[in-house]
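Working through the structure, step by step
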Amino acid sequence: METADPFMLAAIEEARKGILEGGIPIGSALARDGKLIAAGHNKRVQDGDPVTHAEIDCLRNAGRIGGFHGTTLYSTLMPCYLCAGAVVQFGIKKVIVGESRTFPGAPEFMRGHGVEVIDLDLPECVEMMSRFIAENPSLWNEDIGK
């Protein structure tokens with residue numbers, strides 16, 4: 001199943017940027033009322049910053065938008081507890097995810113805080129992460145804190 005959702009496509013494009021920059025291929029996008037507010041990707045390697053995950057980069061790029069009510073966060077991979085915490089902290093009530101096969105993340109944490117979590121299980125996202133993890137196991141384990 002491939003997506004035609006323009007915001008998930010923006011997140012996937014961000015993940016591809018991460019690969020091209022020598023980083024981890026995870027992308028994110030933030031939308032409200034049918035408009036893209038911001039996008040970002042994991043820059044932990046590029047910036048030497050352990051907390052610059054894709055969702056955090058996206059939220060930073062959004063800047064001060066007067067609140068996150070009515071926004072939807074898209075991510076190519078199920079958000080980890082760090083990013084799920086940001087979702088809950090800022091009151092984002094909907095998260096749409098490309099996949100969670102390669103990393104289970106924190107969906108129950110988000111759901112437990114009233115966030116609707118939709119996992120699209122997109123083969124493109126699974127393949128991108130599976131290939132990256134197989135080719136870069138130590139870098140991936142460092143990213144997820146193992």
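Definitions and limits used
- Residues numbered from 1 in each chain as written.
- Predicted model: local features only at pLDDT ≥ 70, side-chain atom pairs only at ≥ 80, totals over all residues.
- Heavy atoms only, no water.
- Pairing = 2+ DSSP bridges.
- Helix = DSSP H or I, 4+ residues; strand = E, 2+ residues; numbered from the N terminus.
- Right-handed = clockwise from strand over helix to strand, strands pointing away.
- Axes fitted to C-alpha atoms, helices over the stretch in contact; angles between N-to-C directions.
- Contact = heavy atoms within 4.5 Å.
- Core = buried A, V, L, I, M, F, W, Y, C linked by side-chain atoms within 4.5 Å.
- Buried < 20%, exposed > 50% of the residue type's maximum accessible area, 1.4 Å probe, protein only.

A separate point is the pairing of strand β4 (residues 94-97). Both strand β3 (residues 71-75) and β4 contribute to a ladder of four bridges, which runs parallel. Across the sheet, residue Leu73 finds its bridge partner in β4, namely Val95. Note that the unit made of β3, helix α4 (residues 81-89) and β4 has a crossover that is right-handed. Handedness of the crossover joining β4 and strand β5 (residues 116-119) through helix α5 (residues 107-112) is recorded here as right-handed.

This brings us to the sheet that holds strand β2 (residues 35-41). Taken in spatial order, the five strands make up an open sheet running β2-β1-β3-β4-β5, and their pairing is mixed. Two strands lie at the open edges of the sheet, namely β2 and β5, each paired on one side alone. On average, adjacent strands in this sheet sit at an angle of 15° to one another, irrespective of strand direction. In this sheet, β3 lies alongside strand β1 (residues 27-32) in antiparallel orientation, the contact comprising five bridges. Considered in β3, the bridge of Ser28 is made with Ser75. Relative to the sheet, helix α3 (residues 54-62) contacts β1, β2 and β3, its axis offset from that of β2 by approximately 130°.

With 29 residues, the main nonpolar core has Leu30, Met110 and Trp140 as its most contacted residues. Of all the secondary-structure elements, those providing two or more residues to this core are α3, α4, β4 and α6 (123-135). Here this core takes five residues from α3, the largest share from any one element.

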